[in-house]
Amino acid sequence: MYWEKELEVLDRKNLEKLQVERLMATLRQAVNSQYYGKIPEINKAIKSGIHSIEQVRELPFTTKEDLRGDFPWGFLAVDKREVVRLHSSSGTTGNPTVVYHNRHDLDSWANLMARSLFAAGVRDTDVFQNMAGYGLFTGGLGFQYGVEKLGCLSIPAGAGNSLRQIKLMRDYGTTVAHAIPSYLGRLFDVFKEEGLDPRKDTKLHTLVIGAEPHTEEHRLRIQEMFGVKAYNSFGLSEMNGPGVAFECTEQNGLHIWEDAYVVEIIDPVTLQPVTDGEIGELVMTTLDRRAMPVIRYRTRDLTRFLPGECKCGRTHRRLDRIAGRSDDMFIMKGCNVFPMQIEGVLMKLPEVGDDYRIMLETIDDQDEMIVEVEVKKDWFKGDLSVLDRLQKHITHLIRDEVLVRPLIKLVEPGSIPKTEGKAVRVFDHRKK
Amino acid sequence: MTYQVSIFLENKLGHLEKVTAVLKEAQINIRSLHLNHTANGWGILNLVVSDPELAYQLLNKGGMSAALREIVVVKMADKPGGLDDLLKDIVNAGVNFTNAYGRVVNDGDSAFFVIDVQDIPEARAKLTNVGLEIIADHLVYGMPSL
């Protein structure tokens with residue numbers, strides 16, 4: 001039932017006590033780095049000591065810009081010869097974000113990964129196929145080490161090449177696989193083209209999906225296609241990568257491992273903690289990383305704590321699925337608007353395609369939010385009044401969701417330009 | 001059963017030409033055209049063509065939103081007052097249409113009137129009852145061009 005029972009069901013009081021101890025050790029380690037060594041609040045906290053975990057709020061935030069600004073060695077808190085691996089973002093815009101690990105860090109990460117998978121019901125009897133890219137991306141090696149630690153037979157398949165993925169699954173009887181959710185739809189199509197049904201022609205019982213925000217509807221579709229349970233995985237390279245938070249077999253929120261991280265949720269504007277259960281920006285502090293501790297990292301990911309205890313008995317709190325990114329937020333007519341809110345409305349409508357674009361324009365001195373929506377080809381029946389109704393319907397739904405009336409523009413399918421990598425959805429052309 | 005091809009179009013430079021380029025490539029002849037546009041930057045192009053099924057498939061393959069939509073085509077006299085006479089009959093038949101457009105035929109004394117209604121079988125019955133002549137699809141598609 002548990003990978004490390006003692007830690008996973010530790011009562012809150014003792015869990016927080018452990019956090020305080022580990023936070024102190026982390027601060028002492030952090031000041032060995034060029035960056036944190038210069039921060040007075042951290043030196044002060046080391047001197048006066050930390051007595052309750054709430055005191056983490058007295059420490060300054062670390063942002064992605066800070067991490068990039070002190071590139072490449074500014075956050076390194078151990079001698080370079082002790083470091084055994086780095087992971088890094090692509091850095092197509094400016095310096096990459098790089099994270100260093102020593103042997104202890106890799107062990108600790110592999111253990112969290114194994115704990116996560118165990119919580120989702122994976123056992124050493126399973127055959128685990130990892131369909132994530134191996135390399136600087138943490139989804140490859142991060143899972144690999146965890147799966148080996150857990151004791152499964154691992155198949156480091158890497159990303160893509162669907163025919164080979166299917167062959168591997170069938171040759172070795174893969175029972176669990178990990179992939180990004182958007183890939184699984186493509187993989188399923190290839191199964192169909194080959195005249196195969198993953199429900200009958202594989203031994204899969206579990207899929208692990210992560211690295212891309214996705215809706216509950218999407219998860220249900222994946223479960224239906226493959227005839228499996230699909231578990232949500234959350235991680236970010238600044239906090240190691242996968243294994244940060246994971247769904248247990250209850251499939252109701254992601255346990256975030258609080259012996260390894262201090263977890264806060266703040267209002268991205270006031271920077272104060274939100275009321276428990278409200279959505280805000282996730283802020284995390286590493287508690288068990290030596291080569292590169294990171295303190296109060298603003299992840300920009302928006303989520304909330306799920307209230308109440310989990311039936312599985314684990315005491316580590318649960319995060320709701322990621323609701324968006326705080327740096328995507330824009331203010332329109334005084335309202336805070338998150339693109340994921342608009343996406344949420346659009347993705348529930350069978351009439352519209354997957355791509356959309358939000359244009360913020362100043363028209364006659366008035367700021368307007370124009371949402372461009374692709375009408376699905378197979379839904380179009382040539383009827384003007386139906387399109388008119390659809391337009392009004394979307395207008396109302398978005399107005400109800402974000403409290404700003406949008407101008408909806410229906411556009412031809414495929415006319416919204418596809419972006420390379422992460423999709424850019426918001427274009428702000430307002431007169432400042 | 002007679003069909004028009006309806007295409008969802010944004011009101012942007014070159015978008016109509018994208019459609020006609022596909023038809024030209026396939027040597028499909030346009031018999032009648034009706035463009036209908038909204039204040040929201042998009043509209044619907046309705047086409048009566050020589051081969052609607054082929055046009056529909058090619059346009060969709062070309063990435064456009066095209067649909068086949070059933071229509072009723074009736075005959076009217078090609079003379080002053082011809083449309084008014086026809087409309088009186090349509091009113092008498094009790095048929096309310098959402099969209100309509102016409103086309104002269106070069107036999108010199110008649111024209112075709114294309115009607116887009118919700119309930120096609122009902123409209124056909126009512127129009128036939130008041131004595132209007134419904135044109136067979138091969139004649140609609142095969143109308144000689146001027």
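Residues numbered from 1 in each chain as written. Chains lettered and ligands numbered in written order. Predicted model: local features only at pLDDT ≥ 70, side-chain atom pairs only at ≥ 80, totals over all residues.

1. Focus: the overall build of chain B
Part 1 of the reasoning: For chain B, the count of helices and strands is five helices and six strands.
Part 2 of the reasoning: Classification of the 146 residues of chain B by burial places 33% in the buried group.
Part 3 of the reasoning: Nonlocal contacts in chain B, meaning residues at least 24 apart in sequence, comprise 69% of its contacts between residues at least 6 apart. (Helix = DSSP H or I, 4+ residues; strand = E, 2+ residues; numbered from the N terminus. Buried ≥ 20, exposed ≤ 12 C-beta atoms within 10 Å, placed from the backbone. Contact = placed C-beta atoms within 7 Å.)

2. Some points on the sheet that holds strand β4 (residues 66-77) of chain B
Hydrogen bonds between backbone groups are what pair the strands of a sheet, and the pairing can be parallel or antiparallel.
Residue and element names in this part refer to chain B.
Part 1 of the reasoning: Overall, antiparallel pairing links the six strands, which are arranged β2-β3-β1-β4-β6-β5 in an open sheet. Single-partner strands in this sheet number two, and they are β2 (30-37) and β5 (99-104). When strand polarity is set aside, the average angle formed by the axes of neighbouring strands in this sheet is 30°.
Part 2 of the reasoning: Note that β5 and strand β6 (residues 110-116) share six bridges and pair antiparallel. Bridge pairing in β6 links Arg103 to Phe112. (Pairing = 2+ DSSP bridges. Axes fitted to C-alpha atoms, helices over the stretch in contact; angles between N-to-C directions.)

3. Side note on the nonpolar core
Part 1 of the reasoning: Core analysis: the biggest nonpolar cluster contains 137 residues, and Leu207, Tyr261 and Val373 of chain A together with Ile7 and Leu59 of chain B have the highest contact counts within it.
Part 2 of the reasoning: It is helix α6 (residues 103-119) of chain A that contributes the most residues to this core, eight residues altogether.
Part 3 of the reasoning: Apart from the residues lying within four places of it in its own chain, the contact partners of Val373 of chain A are Leu346, Val352, Tyr356, Ile394, Ile408, Leu410 and Val411 of chain A. (Core = buried A, V, L, I, M, F, W, Y, C linked by C-beta atoms within 7 Å.)

4. A word on the confidence of the model for chain B
Part 1 of the reasoning: For chain B, per-residue confidence averages 89 on the pLDDT scale, and residues scoring 70 or more make up 95% of the total.
Part 2 of the reasoning: Here the predicted complex scores 0.68 on pTM and 0.72 on ipTM. (pLDDT = per-residue confidence, 0-100.)

5. Structural notes on the environment of Pro198 of chain A
Residues and elements named next belong to chain A.
Part 1 of the reasoning: Looking at where Pro198 falls in the secondary structure, it is placed in helix α10 (residues 198-201).
Part 2 of the reasoning: Given 22 C-beta atoms within 10 Å, Pro198 falls into the buried group.
Part 3 of the reasoning: Counting along the chain gives 32 residues from Pro198 to Ile166, while the straight-line C-alpha distance between them is 8.9 Å.
Part 4 of the reasoning: Sequence-distant contacts of Pro198, defined by excluding residues within four places in its chain, comprise Phe188, Phe191, Leu204, Met225, Phe226 and Gly227.

6. Concerning unusual backbone geometry
Part 1 of the reasoning: Residue Pro72 of chain A follows Phe71 of chain A across a cis peptide bond; omega there is -5°.
Part 2 of the reasoning: Inspection of the secondary structure puts Pro72 of chain A in the loop between α5 (64-69) and β1 (83-88).

7. Quick word on the packing of helix α8 (residues 162-172) of chain A against helix α9 (residues 181-193) of chain A
Any two packed helices are characterised by the angle at which their axes cross and by the distance between the axes.
Residue and element names in this part refer to chain A.
Part 1 of the reasoning: For the pair α8 and α9, interaxial distance at closest approach is 10 Å and the crossing angle is 75°. Comparing the axis directions of α8 and α9 gives the class roughly perpendicular. When α8 is examined against α9, the residues Ser162, Leu163, Gln165 and Ile166 are found in contact with a partner set consisting of Arg186, Leu187, Val190 and Phe191. (Parallel < 35°, antiparallel > 145°, perpendicular 65-115°, else oblique.)

8. Quick look at the sheet that holds strand β7 (residues 229-236) of chain A
Residues and elements named next belong to chain A.
Part 1 of the reasoning: Read across the open sheet, the nine strands follow the order β4-β3-β5-β6-β7-β8-β9-β14-β13; overall the sheet is mixed. Strand pairing shows two members of the sheet lacking a second neighbour, β4 (153-155) and β13 (305-306), which therefore form its edges.
Part 2 of the reasoning: Here three bridges tie strand β3 (residues 127-130) to strand β5 (residues 176-179), and the two strands are oriented parallel to one another. Looking at β5, one finds that Phe128 is bridged to Val176.
Part 3 of the reasoning: Across the sheet, α6 touches β8 (241-247) and β9 (254-256), and the angle it forms with β8 is around 30°.

9. Considerations on the interface of chain B and chain A
As a measure of interface size, the accessible area lost when the parts come together is often cited.
Part 1 of the reasoning: Contacts between chain B and chain A engage 15 residues on the former and 15 residues on the latter.
Part 2 of the reasoning: Looking at the side of chain B that touches chain A, the elements that each hand over two or more residues are β1 (2-10), β3 (42-49) and β4 of chain B.
Part 3 of the reasoning: A total of three residues in the side of chain B that touches chain A trace back to one element, the largest contributor, which is β1 of chain B.
Part 4 of the reasoning: Of the residues assigned to the side of chain B that touches chain A, the class counts are five nonpolar, eight polar and two charged. (Nonpolar A, V, L, I, M, F, W, Y, C, P; charged D, E, K, R; others polar.)

10. Structural notes on helix α11 (residues 216-226) of chain A
Residue and element names in this part refer to chain A.
Part 1 of the reasoning: Listed as buried for α11 are Arg219, Ile222, Met225 and Phe226. Considered in projection along α11, the buried side chains sweep an arc of 125° and stay on one side of the axis. More than 90 degrees from the buried face of α11, the exposed residues found are Glu216, Glu217, Leu220 and Glu224.
Part 2 of the reasoning: Remark: Gly227 follows α11 within two positions and exhibits a positive phi of approximately 65°. (Arc of directions from axis to C-beta.)

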